[in-house]
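Residue strings, one per chain:
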Amino acid sequence: MTTDTGHGADRSFLFVLGSSRPDGNSEILARAAAEQLPPGTPQRWVDLARLPLPDFQDGRHESGTWPAGENEETLRQATLEATDIVIVSPLYWYTVSAPAKRYLDYWSGWLGVPGLDFQERMAGRTLWGVTAMADREEVVGEGVVTTLNHTAAYLRMRFGGVLFGNGSRPGQVRDDERAAIRAKTFFQREAPLARLPYE
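What counts, and where the lines are drawn
Residues numbered from 1 in each chain as written. Predicted model: local features only at pLDDT ≥ 70, side-chain atom pairs only at ≥ 80, totals over all residues. Heavy atoms only, no water. Helix = DSSP H or I, 4+ residues; strand = E, 2+ residues; numbered from the N terminus. Buried < 20%, exposed > 50% of the residue type's maximum accessible area, 1.4 Å probe, protein only. Contact = heavy atoms within 4.5 Å. Salt bridge = Lys/Arg side-chain N within 4 Å of Asp/Glu carboxyl O. Polar contact = N/O pair within 3.5 Å; in protein donor to acceptor, adjacent residues only side chain to side chain.

Turning our attention to the environment of L14. Along the chain, the position of L14 falls in strand 1 (residues 13-17). For L14, a relative accessible area of 1% puts it in the buried group. Between the C-alpha atoms of L14 and Q43, which are 29 residues apart in sequence, the distance is 6.0 Å. Discounting residues that sit within four places of it in the chain, L14 has contacts with R44, V46, A78, T79, A82, D84, I85, V86 and Y103.

Here you go:
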């Protein structure tokens, strides 16, 4: 079953923080964007540094199931309860951080959990990205866009794009006026169904 979560009044947001530094530039930018959401919009913020996941073990083609740890179960339930999932990660080597990538790797495992129907339940929801980086040229962050767009397309999700900001030193993103302006309307953007390049 596909859920049309679009831009209706029943949206709920999960912000997944993938930085190794608390209150980092990516989080500052994400919170600035979240402040513009309609009052009362449910928001849940999870910090992967405080809910660490072990390295993902791919057991999709093995017999039996891999027992889910407490942190994994918390993240899985939070993911399935949200209409909008926001990956908040600094740009590390031209893509998302290792904790953010590991969280997405776990999606692969959730696809095979009997009775979870992860792919069917994720269809129609919206994936977003918020990324701070040292470079001012946003083209260097295309790896983040590709990762998130293709992930969304595989699951028949919508993709709202990536909000980029410039910042390396703590708090530096606050000086990026262009990012601040974009943050005001970022979550109001149309989020079309994601497509792979050959579609």
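Alright, that's what it looks like, and here's the rest.
As enumerated under the stated definition, the model contains eight salt bridges in all. Residue R31 pairs with E27 through a salt bridge whose shortest N-O separation is 2.9 Å. Here R31 pairs with E27, and both are found in helix 1 (residues 25-34), just four residues apart, close to one helical turn. A relative accessible area of 35% places R31 in the partly exposed class. The class of E27 is buried, set by a relative accessible area of 11%. Members of the salt-bridge network, linked through shared partners, are E138, R178 and R182.

Turning to the side chain of T131, a few remarks are in order. With respect to the secondary-structure elements, T131 resides in strand 4 (residues 126-133). Looking at T131, its side chain comes within polar contact range of the main-chain oxygen of S89, at 3.2 Å. Apart from residues no more than four positions distant in its own chain, T131 is found in contact with S26, L29, S89, P90, L91, V144, V162, L163, F164 and G165.

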